[in-house]
Amino acid sequence: MLIGLLLCIRGTAFTHENPNLSKGQKVYVPAYSHIYTGNRQIPSLLTVTLSIRNTDMSHTIEVVFVDYYDTKGTLLKNYLLSPVFLKPLESIRYVVDYYDKAGGAGANFIVEWRSENAVNPPIMETIMIGSRSSFTSRGQAFVPLK
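Residues numbered from 1 in each chain as written. Predicted model: local features only at pLDDT ≥ 70, side-chain atom pairs only at ≥ 80, totals over all residues. Heavy atoms only, no water.

## Brief notes about the pairing of strand 3 (residues 42–53)
Phase 1: Pairing of strand 2 (residues 34–37) with strand 3, which is carried by four bridges, proceeds in the antiparallel orientation. Within the sheet, the bridge partner assigned to Ile35 lies in strand 3 and is Ser44.
Phase 2: As consecutive antiparallel partners, strand 2 and strand 3 are separated by four residues, and within that stretch Gly38 has a phi angle of approximately 75°, a positive value.
Phase 3: Pairing of strand 3 with strand 9 (residues 123–130), which is carried by eight bridges, proceeds in the antiparallel orientation. For Thr49, the partnering residue across the bridge sits in strand 9 and is Ile127.
Phase 4: Alignment of strand 3 against strand 7 (residues 91–96), held across six bridges, turns out to be antiparallel. From the neighbouring strand, Leu50 faces strand 7, where its bridge partner is Tyr94. (Pairing = 2+ DSSP bridges. Helix = DSSP H or I, 4+ residues; strand = E, 2+ residues; numbered from the N terminus.)

## As for the pattern of salt bridges
Phase 1: Tallied over the full model, the rule gives three salt bridges.
Phase 2: Among the ionic pairs, Glu62 bridges to Arg114, the shortest N-O distance being 3.0 Å. Placement of the pair is Glu62 in strand 4 (residues 61–69) and Arg114 in strand 8 (residues 108–119), with a sequence separation of 52 residues.
Phase 3: Exposure remark for Glu62: the relative accessible area of 14% places this residue in the buried category.
Phase 4: Glu125 is the partner of Arg138 in a salt bridge, and the nearest nitrogen-oxygen pair spans 3.4 Å. On the criterion of sequence distance, the pair formed by Arg138 in strand 10 (residues 134–138) and Glu125 in strand 9 is long-range, its members being 13 residues apart.
Phase 5: Take Arg138: its relative accessible area is 54%, and that puts it in the exposed class. (Salt bridge = Lys/Arg side-chain N within 4 Å of Asp/Glu carboxyl O. Buried < 20%, exposed > 50% of the residue type's maximum accessible area, 1.4 Å probe, protein only.)

## Let's talk about the side chain of Asp67
Phase 1: You can see Asp67 is positioned in strand 4.
Phase 2: Buried Asp67, no salt bridge; nearest opposite-charge side chain is Lys26, N-O distance 8.4 Å.
Phase 3: Here the side chain of Asp67 touches Asn78 through a polar contact of 2.8 Å, side chain to side chain.
Phase 4: If we skip the residues at most four places from it in the chain, Asp67 touches Leu75, Lys77, Asn78, Asn108, Phe109 and Ile110. (Lys, Arg positive; Asp, Glu negative; His and termini not counted. Polar contact = N/O pair within 3.5 Å; in protein donor to acceptor, adjacent residues only side chain to side chain. Contact = heavy atoms within 4.5 Å.)

## Regarding the side chain of Asn108
Phase 1: Inspection of the secondary structure assignment puts Asn108 in strand 8.
Phase 2: Exposure remark for Asn108: the relative accessible area of 7% places this residue in the buried category.
Phase 3: Setting aside residues no more than four positions away along its own chain, Asn108 makes contact with Tyr28, Val29, Pro30, Ala31, Asp67, Tyr68, Tyr69 and Asp70.

## As for the nonpolar core
Phase 1: Leu50, Ile52, Val66, Phe109 and Val111 are the most contacted members of the largest nonpolar core, which totals 25 residues.
Phase 2: With residues up to four places along the chain from it excluded, the contact list for Val66 reads Leu50, Ile52, Lys77, Asn78, Tyr79, Leu80, Tyr94, Phe109, Ile110 and Val111. (Core = buried A, V, L, I, M, F, W, Y, C linked by side-chain atoms within 4.5 Å.)

## Some thoughts on the environment of Asp67
Phase 1: Relative accessible area serves as the criterion here: at 10%, Asp67 is assigned to the buried category.
Phase 2: In this structure, the C-alpha to C-alpha distance between Asp67 and Tyr28, residues 39 residues apart in sequence, is 9.9 Å.

This is the structure we're talking about:
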């Protein structure tokens, strides 16, 4: 019972043989097109890079969609016109330009990936770089795929 609950909370379609492997996920990745600095909350612009890394050494994964949302949850951009396949250990990136502040301080990406085989889940993170700061944020799987 507890194991089933933990699998639901983690939001991953795990295999029975190895609970660390998955055949797909939807992943929420936080992003910040700007952050606020100082007492007057002055916006400081950031370039956002979403990095998707296939961490499986043997199998290809399919990235089904990469969608970018603003602070209010409004879809701003679909980054994929058709699915992209990442070979073992291959990576891909998507960039939100420095002057594009439409996403805001609560922007995010929703990424869906899948595989015919049970694989190591990919790493998804955003890297935000500006003139005053830089930092990263990791994705969190949230919807099990069936």
